[in-house]
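Observations on the model geometry
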Amino acid sequence: MPHSDVPSENDSSSGQGSPDASRDAAKAPLIIFGEVASTGLARGAAFVCDCLDEAVVLRRTITAEETLKEMERFDAAVLTAGQELLKLKMQVERDIGKNEAGIFDAQLLMLQDPSLRREVSVRCLTGMVNVESAVDAAFAKLTAIFVRLEDPYFRERASDLRELRKRLLDILMGRKPAANPVPTEGGVLVAAQILSSFIAQLDSKAISGVVLEKGGQTAHATILARARGIPLLIRAADATQKIRTGDRLIVDGLAGRVFINPGPVILREYDQLEANLRAHQTALKGLIDLPSVTTDGVEIKLAANIGKSADAVMAASLNADGIGLYRTEFVFLVQDRFPSEEEQYTVYKTTAERFSSREVVVRVLDIGSDKLLPYFPFPLEANPSLGRRGTRLLLAHPEILRTQLRAILRVSATHRVAILFPMIGGVEDLVAAKAAIESAKASLRDEGKAFNASVSVGAMIETPAAAIMTARLAREIDFFSIGTNDLVQYLLTTDRTSSELASYYEPLHPAVLRMLAFVATAAKAHGKTVSICGEMAGNPAFTQLLLGLGFRSLSVNPGEMLEIKSAIRTTNMPQAEELAKRILELGTIQEIKDCLRAAAPNDPRLVQH
Ligand code: PEP
Ligand code: MG
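What counts as what
Residues numbered from 1 in each chain as written. Chains lettered and ligands numbered in written order. Predicted model: local features only at pLDDT ≥ 70, side-chain atom pairs only at ≥ 80, totals over all residues. Heavy atoms only, no water. Helix = DSSP H or I, 4+ residues; strand = E, 2+ residues; numbered from the N terminus. Buried < 20%, exposed > 50% of the residue type's maximum accessible area, 1.4 Å probe, protein only. Contact = heavy atoms within 4.5 Å. Polar contact = N/O pair within 3.5 Å; in protein donor to acceptor, adjacent residues only side chain to side chain. 1 Å grid on protein atoms, 1.4 Å probe; cavity = no way out; pocket = protein on both sides within 12 Å on 5 of 7 lines; lining within 4 Å. Points joined across faces, edges and corners; volume = space filled by probe spheres on them. Nonpolar A, V, L, I, M, F, W, Y, C, P; charged D, E, K, R; others polar. Donors = N, O, S within 2.8 Å, 3.2 Å for Na, K, Ca; no water. pLDDT = per-residue confidence, 0-100. Core = buried A, V, L, I, M, F, W, Y, C linked by side-chain atoms within 4.5 Å. Domains from an automatic or database assignment. Axes fitted to C-alpha atoms, helices over the stretch in contact; angles between N-to-C directions. Parallel < 35°, antiparallel > 145°, perpendicular 65-115°, else oblique. Left-handed = near helix turned anticlockwise from the far one by under 90°. Pairing = 2+ DSSP bridges. Near = heavy atom within 4 Å. Areas by Shrake-Rupley, 256 points an atom, 1.4 Å probe, with all protein chains shown as cover. Sits in = over half its atoms within 2 Å of the grid points. Phe/Tyr/Trp six-rings, centres within 6.5 Å; stacked < 30°, edge-to-face > 60°. Lys NZ or Arg CZ within 6 Å of the ring centre and 35° of its normal.

Turning our attention to the overall build of the protein chain. Looking only at helices and strands, the protein chain has 25 helices and 16 strands in total. Residues classed as buried in the protein chain amount to 55% of the 609 residues present. Relative to all contacts within the protein chain whose residues are 6 or more apart in sequence, the contacts with residues 24 or more apart total 70%.

As structure tokens, this is what we get:
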């Protein structure tokens, strides 16, 4: 089973969350896990089918006179199968490519292999059984040999043998080959197993994705799915039982899971991921291996913001300088209860593993305001964004915080993770949060569980109070991360979720820029790194300005990463500093926008700002 941000549904161990939590338990999304065999995202109506049904073969004793006739039937079937395979090969060569067409050579070779005929004739002539039964037994023996081979590639060839067996038996038994109905256009095919010929013959628009209970990484059906760009999950246990034809599916062929009839939260997440993928695919691919460095040689750390495992996969493939913000809310959101320590440990460790020596900053659960958990009851508050949220909320529910901290700390024993606290209001919050870390460490120590005693601890600057207190907060922690999404709303007293107030929610407000400059200077003066992880960091129109204000570390959504890298690589630091200096003297949003535009008159990215 692949690792994921979603603990197994079958794991009945409940999390150590709020005692109230179980009371309001809402229905959790149904998720199936699989192994990614062909990457990509697919959505559509499920079509559950039996594409590789195991043929039932009846054994019949035959007379001596019949034996020769049975072998003639076998030879004729081999001939027909050979013709069918050659036809398929030509079709694939035309539709997909020469290399992919070559995969049918394996079946052609097996078909013509004298040992196949020998195995069949021994059973038919000496064992006096009908040819279908002889073919079935011969293939069982040959498949058993392949399945035991050490080399996974050759082991996988057992799937070719299975296909060939089915083809020969179909011919011998007069069944129509591949008589499987095809899903309605754009649907997701769900099956126990599929034939490579089935994928080969499929109109590529017919299906958007495939979910299999069996299958293999080097099975030819997989190779063809990859070549056709069809997302494919294999080894998705009980998929044909749990999914019904017509169910709406999201196939996450990045992290290896299928969401069955997902709700709006998950749909929104995947809208975002889809947009990210599109952005990434369209251009800028050439930048992936280039460093994030300005024209005058200043290196900038360009990390990624992630929520789900799929984001981590994408960030790693784009060579992110680690994870600057791991929003762990998603780990909790896809559940109907609090995930246990063990479940969280597995999810965080899997993510950290993708980044080896690069740091992964794990932010502790940041719920409240617009981020709610279905199973965690919130009291009705007149101003939820000014109410119970982030670190404040966790401090009021120490059992939730402790479980999560223990999980992160245990990962720190083997991986480079850091702990980040959201919505810090002042020194008191941080001191209490640090005490929770110390207490979690002590409990792990008592149990003999390993952790990194000097794990990095950071504070988010998301409230004006925290921003003003940067210098004093610096004494308590190792690094800062500025959440401009919240900082802008609190500084400008404008709800970040309100469309009516959108014109007031202005990151280029002079107060915001002055506050950013203030935090950057104060953090630097106290030897602490400071990164920006709010959406501002992911807007290439702001990159030059943010670098000029003193920021050397940005964390952005994976889909924005290459655009930002491109903006960094076209920035000249002395010019950026000069621009920031000028902008900090301006008093209105319009003046700032005009100044930014004048600094990059040909930059189309500034048109919308
Ligand atoms: C922010 O507020 O800028 C931030 C990164 O946190 P979130 O968007 O998750 O609230
Ligand atoms: Mg925030």
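On to the environment of arginine 496, then. Examined against the element boundaries, arginine 496 turns out to sit in the loop between α20 (484–491) and α21 (510–525). Classification of arginine 496 as partly exposed rests on a relative accessible area of 28%. It is 9.5 Å that separates the C-alpha atoms of arginine 496 and serine 385, two residues lying 111 residues apart in sequence. Excluding anything up to four places from it in sequence, arginine 496 contacts Asn485, Asp486, Gln489 and Tyr505. Here aspartate 486 takes part through its side chain, which lies 2.9 Å from a polar atom of the side chain of arginine 496.

Moving on, we get to the layout of surface pockets. In this structure, the largest pocket spans a volume of roughly 1,200 Å³. As for the largest pocket, its lining consists of 44 residues, of which Glu269, Arg327, Asn485, Arg496 and Glu535 are closest to the centre. The set of elements that each furnish at least two residues to the lining of the largest pocket consists of α11 (264–282), β9 (301–306), β10 (323–327), α13 (329–333) and α20. Counting residues per element, the lining of the largest pocket draws most heavily on α11, which supplies five residues. Of the residues assigned to the lining of the largest pocket, the class counts are 16 nonpolar, twelve polar and 16 charged.

What follows is about the coordination of the magnesium ion (ligand 2). For the magnesium ion (ligand 2), the full set of protein donor atoms is Glu462 (OE) and Asp486 (OD), and the range of their distances to it is 1.9 to 2.0 Å. Taken as a pair, glutamate 462 in the loop between β13 (456–461) and α18 (464–468) and aspartate 486 in helix α20 lie far apart in primary sequence, 24 residues in all. The exposure class of glutamate 462 is buried, given its relative accessible area of 2%.

Our next topic: the side chain of glutamate 119. By the element assignment, glutamate 119 lies in helix α4 (residues 114–126). Look at glutamate 119 and you get buried, because its relative accessible area is 16%. Reaching out from glutamate 119, the side chain makes a polar contact with the side chain of arginine 123 at a distance of 2.7 Å. Polar side-chain contacts of glutamate 119 include one of 3.0 Å to the side chain of lysine 141. Setting aside residues no more than four positions away along its own chain, glutamate 119 makes contact with Ala138 and Lys141.

Scored by pLDDT, the protein chain comes out at a mean of 86, with 90% of its residues at no less than 70. Below a pLDDT of 50 lies the segment residues 1–26, which in the model reaches 75 contacts outside its immediate sequence neighbourhood of four places, other chains included.

Moving on: the nonpolar core. Within the largest apolar cluster, 113 residues are counted, with the highest numbers of intra-cluster contacts made by Phe421 and Leu516. At eight residues, the largest contribution of residues to this core is made by α21. Among the domains, domain 1 (23–51 + 179–284) and domain 3 (291–607) are the pair contributing at least three residues each to this core. Among the nonpolar cores identified, the runner-up in size contains 52 residues, and Val92, Ala134, Ala138 and Ile207 belong to it.

In this section: the packing of helix α1 (residues 64–95) against helix α7 (residues 158–172). Closest axis-to-axis distance for the α1/α7 pair is 9 Å, and the angle between their directions is 120°. Classed by the angle they form, the pair α1 and α7 counts as oblique. α7 is crossed by α1, and the crossing has right-handed handedness. Side by side, α1 and α7 meet where Arg73, Phe74, Ala77, Val78, Thr80, Ala81, Glu84, Leu85 and Leu88 of the first sit next to Leu164, Arg167, Leu168, Ile171 and Leu172 of the second.

What follows deals with the sheet that holds strand β1 (residues 30–33). The eight strands lie next to each other as β1-β8-β7-β3-β4-β5-β6-β2, forming an open sheet whose pairing is mixed. In the strand order of this sheet, the two ends are held by β1 and β2 (35–38), each with one partner. Each neighbouring strand pair of the sheet contributes to a mean axis angle of 30°, computed without reference to strand direction. In this structure, β2 lies alongside strand β6 (residues 232–234), joined through three bridges in antiparallel fashion. Within the sheet, the bridge partner assigned to serine 38 lies in β6 and is leucine 232.

Not every one of the 14 residues close to ligand 1 is listed here, only the nearest: Arg327, Arg363, Gly483, Asn485 and Arg496. In the environment of ligand 1, an oxygen atom lies 3.3 Å from a nitrogen or oxygen atom belonging to the backbone of glycine 483. Contacts to ligand 1 include aspartate 486, whose side-chain N or O atom sits 3.0 Å from an oxygen atom. Relative to its unbound accessible area of 290 Å², ligand 1 is 98% covered by the protein chains. Here ligand 1 occupies the largest pocket. For the shell around ligand 1, the secondary structure elements donating two or more residues are β10 and α20. Top element by residues in the shell around ligand 1 is α20. It accounts for three residues.

For the rest of this paragraph, the subject is the packing of aromatic side chains. Counted under the stated rule, the structure contains five aromatic pairs. Relative to phenylalanine 338, the ring of phenylalanine 332 lies with its centre 6.0 Å away and its plane at 80°, an arrangement referred to as edge-to-face. Taken as a pair, phenylalanine 332 and phenylalanine 338 share a single burial class, namely buried. Relative to tyrosine 375, the ring of phenylalanine 338 lies with its centre 5.0 Å away and its plane at 80°, an arrangement referred to as edge-to-face. Note that phenylalanine 338 is positioned in the loop between α13 and α14 (341–353) and tyrosine 375 in the loop between β11 (360–363) and α15 (390–396), a separation of 37 residues in sequence. The rings of Phe332, Phe338, Tyr375 and Phe376 are connected pair by pair, giving a single aromatic cluster. Against the face of tyrosine 270 rests lysine 308, its NZ or CZ located 5.2 Å from the ring centre. The side chain of lysine 308 reaches across the aromatic face of phenylalanine 330, ending 5.6 Å from its centre.

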